[in-house]
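# Topology and contacts: notes
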Amino acid sequence: MNRPTNFGMSRRHFMSHMAAGSAMTLGASSFLSHLQANAAEVRRNQKACILVWLGGGAPTIDMWDLKPNSKNGGEFKPISTRGDLQISEHLPEVAKVMDRLSVVRSMSTREADHSRGTYYMHTAFVPNPTVVHPSFGSVVSHELGSKRKDLEIPAFVSIGGGGMSPGFLDMTHAPFVVDSRGQIRNANMEGLNHQRLAQRLEMFSVVEDSFIRSDRGEVGQAHKDVYKKAVQLMTSDQMRAFRVEDEKPEIRQAYGSNAFGDSLVMARRLAEIGVPFVEVRFPGGWDLHQNVFTTLRDQRLPMLDQGLAALTRDLTDRGMLDDTVIVCMGEFGRTPRINQNVGRDHWATSWSVLVGGGGLNSGLAVGETDQDGVRILSQSYLPGDLWATVAHALRIPLDTVHTSKRGRPMRLANGGTPIKELIG
């Protein structure tokens, strides 16, 4: 079920303002000195979340909660980690950093349709025809990004995919979408130089004045806010955070020197300059209805393993992990039963999410499923509980209430309760 994205000003309209910023390339030395001067202050005062999105629904029973003594167990074996849990043998690098991460093994979310599950896991609300809820990235942008006066670029960045709607929050909290090279696909921006940029800003100013004088109410104010953010974006040296090619080659190599690795490097660079929410979409789907073990072993897991482990180590080495929450999940898990095509189908009844950093307790397996991975034997958790845990780590008050366009109060994370094992 696709959700509408037209809230008085289309996302495409918003992105047309924003796209010019990707053409600006200022000196790398200036940007790096800016990073070094401000990194300590960022670490002291600014929290962030990096969401690694495994679109399609990853088979978490083959990754984080293996069942080797069951007919549902499949081909993979569990291995020990530096934490108090076992994970898949095909995630050996993550196993080495599991003392800094945890797995919630008792997610039970009911929504096993791709679109509905994606909406639910991003917003903590089930789809409702009367209201479009904001992605949690937009909520974080609203609650934290708006308070970071030195942040000149968007507070919610989505790398490698379309991101989710800001819902009833205004369009300044929509995700700023780029690819793994930090580029926005917009043919109208080709060949934009400083002189043409100045001319375009002057043209925007004339159009903006006319638009606001047209007395379009709330839409006019939203348009003004987006215009202001677009001007900041086009002239900010913080845009250098998107230039992964400026990173040291050995760091990119540690992450994997591929689209996913570069996306994670970019996410760390963005968090380092104060962007509070970054979503990284894993390239290639996880909707593995067939050949699940071959695809995981040869394609998906090696890339995920190297990238996640490198991100965890890099954040640790830079003193950022305690202030940066890592969440790795898709819209649901996969069936414990292996189908006739050696695949697993959609399953939202009992599955796992990886979470770490942000000062949360680590090295833990939270929750338990039965020996076949079918039933949850412990406390089960909803998306709202997961996002309430992240909000706690980001120091966003859990009693925060937003108001929809129709005046309905909406509790933060749908009133979820932080997972006590993680918050201590």
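Structure: see above.
Right, let's walk through the structure included here.

Conventions we followed
- Residues numbered from 1 in each chain as written.
- Predicted model: local features only at pLDDT ≥ 70, side-chain atom pairs only at ≥ 80, totals over all residues.
- Heavy atoms only, no water.
- Helix = DSSP H or I, 4+ residues; strand = E, 2+ residues; numbered from the N terminus.
- Expected span 1.5 Å × (residues − 1).
- Buried < 20%, exposed > 50% of the residue type's maximum accessible area, 1.4 Å probe, protein only.
- Pairing = 2+ DSSP bridges.
- Contact = heavy atoms within 4.5 Å.
- Axes fitted to C-alpha atoms, helices over the stretch in contact; angles between N-to-C directions.

### As for helix α11 (residues 383-394)
Helix length check: α11, at twelve residues, gives a terminal C-alpha distance of 16 Å against a target of 16 Å (1.5 Å per residue), a fit within 8%. Buried residues dominate α11, accounting for eleven of its twelve residues. Taken as a whole, α11 has its buried residues at Pro383, Gly384, Asp385, Leu386, Trp387, Ala388, Thr389, Val390, Ala391, Ala393 and Leu394. Backbone geometry just downstream of α11 places Arg395 in the positive-phi region, at approximately 65°.

### Some words on unusual backbone geometry
The bulk of non-glycine residues show a negative phi, and the bulk of peptide bonds are trans. A positive phi angle, near 50°, is found at Ser257, a position not held by glycine. Examined against the element boundaries, Ser257 turns out to sit in the loop between α8 (249-255) and α9 (259-272). On the accessibility criterion, Ser257 (48% relative accessible area) is partly exposed. At Arg395, a position not held by glycine, the phi torsion is positive, near 65°. Following the sequence through the fold, Arg395 ends up in the loop between α11 and β13 (401-403). For Arg395, a relative accessible area of 65% puts it in the exposed group.

### Quick notes on the sheet that holds strand β11 (residues 351-357)
Strand order in this open sheet of eight strands is β6-β5-β7-β1-β8-β11-β4-β12, and the pairing throughout is mixed. Either end of the sheet is taken by a strand with one partner, and the two such strands are β6 (176-178) and β12 (365-366). Summarising the sheet, strand β1 (residues 48-53) and strand β8 (residues 324-329) pair through six bridges and their orientation is parallel. Counterpart to Trp53 in the pairing with β8 is Met329. Against the sheet, α9 contacts β1, β5 (156-159), β6 and β7 (277-281), and its axis sits at roughly 180° relative to β7.

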